[in-house]
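Read off the chains here:
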Amino acid sequence: MEASVWAATWVPSPSPFPGFGADGYAVAWVDPRDGARRQVLVAGDAAPSIGTTGTVELQLLGDGDDRSEVPMFVAGAGGEVGR
Amino acid sequence: MTLDVHIGGVGMTPFGASTDALDDLGVAAASAALADAGLAYQEIGEVFCSSMLAPPQTALRVAHRLGRTGVPVTALESASAGGLVALRHAALAVASGRCDAALAIGYERTTALEPGGVVPRPRTIWDRMPPQVHYGIEATRWLHDHGCGPEVLAVVAAKSWNAAALNPLAARRPDHEVTPDEVLSARMVTTPLTRMMCHASVDGAAAVVVTRGARPGSIELLAIEQSSAMVDRGWPVDGPVAGPPSQTTWTARRAFEQAGAVASDVDVVSVHDMCVSEELVTIVALGLVDDADVVDLAIGGGLAPDGSLPVNVDGGCIARGHPMGATGLAQAIEVVTQLRGGAGARQVRTPEVGLVQAAGGGGSCVVALLRA
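Counting restarts for each chain, with residues numbered from 1 along the sequence as it is written. Each chain gets a letter, beginning with A, and each ligand a number, beginning with 1, in the order they are written. This being a predicted model, a pLDDT of at least 70 is required before a residue's local features are given, and a value of 80 or more before pairs of side-chain atoms are given or counted; all residues contribute to the totals for chains, interfaces and linings. Only hydrogens and water are set aside; all other atoms, that is, all heavy atoms of the structure, feed into the side-chain values.

S.K.: Could you give an account of the pattern of salt bridges, with specific residues and numbers?
M.R.: Residue and element names in this part refer to chain B. Salt bridge, as applied in this entry: a Lys or Arg side-chain nitrogen positioned within 4 Å of an Asp or Glu carboxyl oxygen. As enumerated under the stated definition, the model contains 15 salt bridges over all chains in all. A salt bridge links Arg212 to Asp100, with the shortest nitrogen-to-oxygen separation between them at 3.0 Å. Here Arg212, found in strand E7 (residues 204–212), pairs with Asp100, found in the loop between helix H3 (82–95) and strand E4 (101–108); they are 112 residues apart in sequence, far enough to count as distant. Only protein chains enter the area calculation, which uses a 1.4 Å probe; residues under 20% of their type maximum are buried, those over 50% are exposed, and those in between are partly exposed. On the accessibility criterion, Arg212 (36% relative accessible area) is partly exposed. For the salt bridge of Glu334 with Arg346, the shortest nitrogen-to-oxygen distance reads 2.7 Å. With Glu334 in helix H11 (residues 324–340) and Arg346 in the loop between H11 and strand E10 (353–360), this pair connects stretches of sequence that are 12 residues apart. There is no split in this pair, since Glu334 and Arg346 are both buried. Only runs of H or I of at least four residues qualify as helices and only runs of E of at least two qualify as strands under DSSP, and these elements are numbered from the N terminus.

Here is the structure:
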C-alpha cells in the first residue's frame, strides 16, 4: 500500500516491540492513497520527514506467543529521512 | 439555561511521590473539600470516584471511611478525563434534584502501584508504546504547519514549570527560573518533546463538593459537557491516544451554548497537557485563540498568569503533576481557586469566567465553564 508521511517521531530508547528498534525507533502517521490516516512503525533508524512517500507492509515482530503483525512504513527510493 | 449548581468546596493533597494508601489520599482530599464547603459528609447525597489504576472497591472504602451513610457511591474510569467525568456526574446528581450536595473524588498512585491495583494488559502492540509518542507525531506536524521550531514549545513548558514554583501543591517546583534552553536541553523522550515538555506521573488526590445554590465562596458551574471520540479520518486511534482536536471543538461548542457564554468571556483556563504541544493545540480547538495568532501569543508570554490568556497557571500536567484519575478535579480546583482570587503569587487578574478541559486516553473529553 502506497502512503505519504503526515508526521513522524523518533523515540531514542529501546522499542517495546520484540526484535525491533533496540537503539530507538520511529512511529509515523501516514496517509494512504486511499483510506484514513493510520499509525505505523517505520523501517530504519530515523524518522522520515513530512511528505516522504513509501509503502506500508505488514511485518511480523516478536517470537513465539509474543508475535504480532504490525504495519511497517518503508520509505521509497529518494525518500527523505532525518531525526 | 445553566445547571444552577455550584462548586461549594475543594480540596487536594500535595502531588508527587507518596507512600500513602489510596484510601488515605482520597479521604484527605474529600475531607478538605467538605471542610472548605462547610458541610458534613452526612449532608452529601451521592459520591462519584475516579481512578484508572485503583484496586476494585476502593471507592467504597474511601466513602465508608468518610461515613456509612448509605448514599450511592459510584466508581468510574475514564483515564485522564476521569476526574471531570466524576464532576459531571456529581453536577447532574444535584441538577436533577436527586440530592442537594454531591462529592466528586479522584485519586491515583502511579509512582508505585497500590497493592491489588489494576495494570491493563496490552491488547495490541500499540498499547505497549509510551503515551507521549502520538503527541510527538502531532507536535512534529504542528511545528511544521506553524513554521517554527521546538523553541516555542520550550517557552510554553518553561511557563508551566515557573508557574508550578508558585504552587505549593505542585509536584515539580523548581528552585530557579526555568529557561527555554533548559527545557530544550533535557533528555529527549520522543522528538521534538523533551522530558521537561512531558507530564509528570505522580500520586495524589483531589475532591470537589457540588451544591445546589450559592454558598459563601462558591463558584457557579455554568456548564459541563462530555463526549466520546467521533470519527475523524485524520486521527488514528491506535494505543492509548486521546481524541482529536475536532472532538474538543465539538464539546466546547456545546459547553459554551449551555453556559450562554462565548470564548472571549474566558479569563483563565486549565487544559489537559499530557505534553506541552497539547496545550497549544487545545486552546485553538477550544476557540480561545485563532490558529494564526497562537505562536505569537505563546512566545509573547500570553499564557502566563499575567498574560492575556492565562493557561495552566498551576503548572499543568507537566509540573503540577498528573495522577490520572485525580487530574481533572485538580484542574477544576485551580480554576475555582483563581475565580475566588485565592491563588496567591500565581493569581490571575480579576477573572470572572474560567474554563476547564480534560481529554483521556480512549477518547473521552470534558469541557466545563465556571463563573465567579
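S.K.: Hey, could you go over the nonpolar core for me, with residue numbers and the actual values?
M.R.: Residue and element names in this part refer to chain B. Here the nonpolar core consists of buried residues drawn from Ala, Val, Leu, Ile, Met, Phe, Trp, Tyr and Cys, with membership extended through side-chain atoms lying within 4.5 Å. With 56 residues, the main nonpolar core has Leu153, Leu193, Ile283, Leu303 and Leu369 as its most contacted residues. Among the elements that take part in this core, helix H5 (residues 151–164) stands out by supplying eight residues, more than any other. If near-sequence neighbours (up to four positions away) are discounted, Leu369 is found in contact with Glu220, Leu221, Leu222, Ala223, Ala255, Phe256, Ala259, Val266, Val353, Gly354 and Leu355. In this structure, Phe48, Ala104, Val210 and Ala368 belong to the second largest nonpolar core, which totals 43 residues. Two residues form a contact once any of their heavy atoms are found within 4.5 Å.

S.K.: Describe the environment of Thr249 of chain B, and please don't skip the residues or the numbers.
M.R.: Residue and element names in this part refer to chain B. If you trace the backbone, Thr249 turns up in helix H7 (residues 245–259). Sequence separation between Thr249 and Ala285 is 36 residues; the distance between their C-alpha atoms is 5.0 Å. In terms of polar contacts, Thr249 uses its side chain to reach the backbone carbonyl oxygen of Ala285, at 2.7 Å. The definition of a polar contact used here is a pair of N or O atoms within 3.5 Å, where within protein one atom must be able to donate a hydrogen and the other to accept one, and adjacent residues in sequence count solely through side-chain atom pairs.

S.K.: Which residues make up the environment of Arg65 of chain B, and what values do they have?
M.R.: Residue and element names in this part refer to chain B. Note on placement: Arg65 falls in helix H2 (residues 58–66). Accessibility expressed as a relative area gives 46% for Arg65, which makes it partly exposed. Spatially, the C-alpha atoms of Arg65 and Cys99 are 21 Å apart, while their sequence positions differ by 34 residues. Every residue in contact with Arg65, bar those within four places of it in the chain, is listed here: Asp23, Asp24 and Val27. Engagement of the side chain of Arg65 in a polar contact is seen with the side chain of Asp24, the distance being 2.7 Å.

S.K.: A description of a negative patch on the surface should follow, citing residues and the corresponding values.
M.R.: Every patch collects residues that have over 30% relative accessible area and no salt bridge, joining them within 9 Å if they carry like charges and within 5 Å if they are nonpolar side chains (Val, Leu, Ile, Met, Phe, Trp, Tyr). In this description, accessible areas are obtained by the Shrake-Rupley approach with a 1.4 Å probe, and a residue is regarded as covered only by the protein chains that are shown. The charge count treats Lys and Arg as positive and Asp and Glu as negative. His and the chain ends do not count. We put the charge of a Lys on NZ, of an Arg on CZ, of an Asp on CG and of a Glu on CD. Taken together, Asp290, Asp291, Asp293 and Asp296 of chain B make up a surface patch of like negative charges. Within the secondary structure layout, Asp291 of chain B lies in the loop between helix H8 (276–285) and helix H9 (294–299).

S.K.: Account for the sheet that holds strand E9 (residues 268–270) of chain B, with residues named and values stated.
M.R.: Residues and elements named next belong to chain B. We treat two strands as partners when DSSP finds at least two bridges between them. Within the open sheet, the nine strands sit side by side as E3-E2-E4-E7-E1-E8-E11-E10-E9. Their pairing is mixed. If you trace the sheet from one side to the other, it starts and ends with strand E3 (73–76) and E9, each paired once. The average undirected angle you get between the axes of adjacent strands in this sheet is 25 degrees. The pairing of E4 with E7 spans eight bridges and is antiparallel. Among the inter-strand pairings, Tyr107 is bridged to a residue of E7, identified as Ala205. Every axis corresponds to a line fitted to the C-alpha atoms, with the helix fit spanning only the stretch in contact, and the corresponding angles, defined between N-to-C directions, vary from 0 to 180 degrees. Its contacts with the sheet put H2 on strand E2 (46–50), E3 and E4, and the angle it makes with E4 is roughly 125 degrees.

S.K.: Now, about the interface of chain A and chain B: what can you tell me, with residues and values included?
M.R.: Counting residues at the interface gives 28 residues for chain A, matched by 22 residues for chain B. The contact between chain A and chain B buries some 2,200 Å² in all, and 66% of this surface belongs to carbon and sulfur atoms. Taken together, the links from chain A to chain B amount to zero salt bridges. Sorting the residues of the side of chain A that touches chain B by element identifies strand E1 (2–11), strand E2 (25–32), strand E3 (38–42) and strand E5 (66–75) of chain A as the ones contributing at least two each. Ranked by the residues each element gives to the side of chain A that touches chain B, the list is headed by E1 of chain A, at six residues. Just so you know the grouping, Ala, Val, Leu, Ile, Met, Phe, Trp, Tyr, Cys and Pro go in nonpolar, Asp, Glu, Lys and Arg go in charged, and all remaining residues, Gly too, go in polar. Looking at side-chain class alone, the side of chain A that touches chain B contains 20 nonpolar, four polar and four charged residues. In short, buried area is how much 1.4 Å probe accessible area vanishes from two parts on joining, totalled over both.

S.K.: Tell me about the packing of aromatic side chains, and please be specific about residues and values.
M.R.: Pairing of aromatic side chains here covers Phe, Tyr and the six-membered ring of Trp, requires ring centres within 6.5 Å, and sorts the geometry by plane angle: under 30 degrees stacked, over 60 edge-to-face, intermediate tilted. What the rule picks out here adds up to four aromatic pairs over all chains. Considering the side-chain rings of Phe17 of chain A and Tyr25 of chain A, the 5.7 Å spacing of their centres and the 85 degrees angle between planes classify their relative orientation as edge-to-face. Between the aromatic rings of Trp29 of chain A and Trp235 of chain B, the centroid separation amounts to 5.0 Å while the plane-to-plane angle is 80 degrees, which identifies the pairing as edge-to-face. Remark: Trp235 of chain B occurs in the loop between strand E8 (219–228) and H7 and Trp29 of chain A occurs in strand E2; the pair is interchain, linking two chains. Trp235 of chain B matches Trp29 of chain A in its accessibility class, with the two residues each being buried. Connected via pairs of aromatic rings, a cluster forms that spans Trp6 and Trp29 of chain A together with Trp235 of chain B.

S.K.: Break down the pairing of E5 of chain A for me, with residues and values.
M.R.: Residue and element names in this part refer to chain A. Of the strand pairs in this sheet, E3 and E5 are connected by two bridges, and their pairing is parallel. Bridge pairing in E5 places Leu41 opposite Met72. As paired elements, strand E4 (residues 53–63) and E5 share 10 bridges and run antiparallel to each other. Residue pairing across strands places Asp63 opposite Asp66, the latter belonging to E5. Hairpin connection, E4 to E5: the antiparallel pair is bridged by two residues, and Gly64 has positive phi, about 50 degrees.

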